[in-house]
Amino acid sequence: MKSTMNMITKRLGIYRLAAILLLLGIVLGTIGANLLQRFYLNDLEILNRYFGSNIKAIHIDYGSLMKYIITNRLKEFCVVWICCCMVFGIPVLSCLIVYKGISIGFALSSSILCYGFKGITLYFAYIFPQCILYIPVYILMVKKGYELCENLYFNGKLSPHARRSLLKEYIPILALLLVFLGIGCLIETYINSAIVKGAANWIIGH
């Protein structure tokens, strides 16, 4: 399994492999949303009608929202880097990319099924403008994660001292990614929440 994943990674390249896995996930998520729509679409429409009638009165608790966003982003960040320090890091990271694609495909498709083409606007309202920071962070995180796992386990046996030295080399990039991730969390909390509320008021509230 390890040698197979390493061979695939080397043949396709990290970016191409990640793009293929993400696209596969999006396709699976889209298919799943369409196949399962009868189980969730009616409940979603009822919830949206209630949400739409009360959207103007909704007060955003920025403290709780910030805590929720930071917790989820840090959880993803830590899972990726912890896995990439282990021998099975490349397969796990590949699965995480597929899962992210499934989430994107399912969310976008269910939004379109519920609201038509306005659902596309609502979906992009949910991810903008923090995606301007998140996308480069995730791309670099995937690249460096694959690279770290490959250097630790597939490019020759390393002594414990060499492993520690290698891990130390990644501390600056980890710190930089965390800084931009934190800025993205601030944007998602204070700017995106207003955009989502406005888009939802336009699409759901009318």
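Residues numbered from 1 in each chain as written. Predicted model: local features only at pLDDT ≥ 70, side-chain atom pairs only at ≥ 80, totals over all residues. Heavy atoms only, no water.

S.K.: Kindly report on the state of the cysteines, identifying the contributing residues and their values.
M.R.: Applying the stated rule across the entire model yields 0 disulfides. With no disulfide partner, C83 has as its closest neighbouring cysteine sulfur the one in C84, 6.8 Å distant. Of all cysteine sulfurs in the structure, the one in C149 sits closest to C84, which takes part in no disulfide; the separation is 5.9 Å. (Disulfide = S-S within 2.5 Å.)

S.K.: So what's going on with the nonpolar core? Residues and values would help.
M.R.: Grouped together as the largest cluster of nonpolar side chains are 27 residues, with contacts concentrated most on W81, Y146 and L177. Secondary structure elements with two or more residues in this core: α2 (14-35), α4 (62-84), α5 (89-115), α7 (131-153) and α9 (171-203). When residues in this core are grouped by element, the largest group, 8 residues, is from α7. With residues up to four places along the chain from it excluded, the contact list for L177 reads F77, W81, V137, L140 and M141. Core analysis: the next-biggest nonpolar cluster, separate from the first, contains 10 residues, Y40, L41, A125 and I203 among them. (Core = buried A, V, L, I, M, F, W, Y, C linked by side-chain atoms within 4.5 Å. Buried < 20%, exposed > 50% of the residue type's maximum accessible area, 1.4 Å probe, protein only. Helix = DSSP H or I, 4+ residues; strand = E, 2+ residues; numbered from the N terminus. Contact = heavy atoms within 4.5 Å.)

S.K.: A description of α5 should follow, citing residues and the corresponding values.
M.R.: Spanning 27 residues, α5 covers 39 Å between terminal C-alpha atoms, matching the ideal 39 Å at 1.5 Å per step. Within two residues after α5, G116 carries a phi angle of roughly 75°, on the positive side. (Expected span 1.5 Å × (residues − 1).)

S.K.: Describe the environment of L17, listing the residues and the values that go with them.
M.R.: In this structure, L17 sits in helix α2. Look at L17 and you get buried, because its relative accessible area is 5%. L17 sits 77 residues away from S94 along the chain, and the two C-alpha atoms are 8.5 Å apart.

S.K.: So what's going on with unusual backbone geometry? Which residues, and what values?
M.R.: With an omega of 5°, the peptide bond running from F128 to P129 counts as cis. Mapped onto the elements, P129 comes out in the loop between α6 (118-127) and α7.

S.K.: Break down the packing of α6 against α9 for me, with residues and values.
M.R.: At their nearest, the axes of α6 and α9 sit 8 Å apart, and the two run at 165° to each other. Taken together, the axes of α6 and α9 lie roughly antiparallel to each other. Crossing geometry of α6 relative to α9 is assigned as left-handed. Residues K118, T121, L122, A125, Y126 and I127 of α6 form the contact with α9, whose own contacting residues are N192, I195, V196, A199, A200, W202 and I203. (Axes fitted to C-alpha atoms, helices over the stretch in contact; angles between N-to-C directions. Parallel < 35°, antiparallel > 145°, perpendicular 65-115°, else oblique. Left-handed = near helix turned anticlockwise from the far one by under 90°.)

S.K.: Got a sec to walk through the environment of F106? Specific residues and values, please.
M.R.: If you trace the backbone, F106 turns up in helix α5. Residues F106 and N34, spaced 72 residues apart in sequence, show a C-alpha to C-alpha distance of 8.4 Å. Not counting chain neighbours up to four residues away, the residues in contact with F106 comprise G29, T30, G32, A33, L36 and Y40.

S.K.: Tell me about the packing of aromatic side chains, and name the residues and values.
M.R.: Here the structure, examined in full by the defined rule, presents 5 aromatic pairs. Relative to Y190, the ring of Y62 has its centre 5.1 Å away and its plane inclined at 20°; by these criteria the two rings are stacked. Here Y62, found in helix α4, pairs with Y190, found in helix α9; they are 128 residues apart in sequence, far enough to count as distant. Classification of Y190 as partly exposed rests on a relative accessible area of 45%. An angle of 55° between the planes, with centres 6.4 Å apart, marks the rings of W81 and Y170 as tilted. Of this pair, W81 sits in helix α4 while Y170 sits in the loop between α8 (160-169) and α9, placing them 89 residues apart in sequence. The exposure class of W81 is buried, given its relative accessible area of 6%. What links up through ring pairs into an aromatic cluster is the set F77, W81 and Y170. Residue placement shows K100 over the ring face of Y138; its charged tip is 5.3 Å from the ring centre. (Phe/Tyr/Trp six-rings, centres within 6.5 Å; stacked < 30°, edge-to-face > 60°. Lys NZ or Arg CZ within 6 Å of the ring centre and 35° of its normal.)

Functional significance is not addressed by these values, which are geometric in nature.
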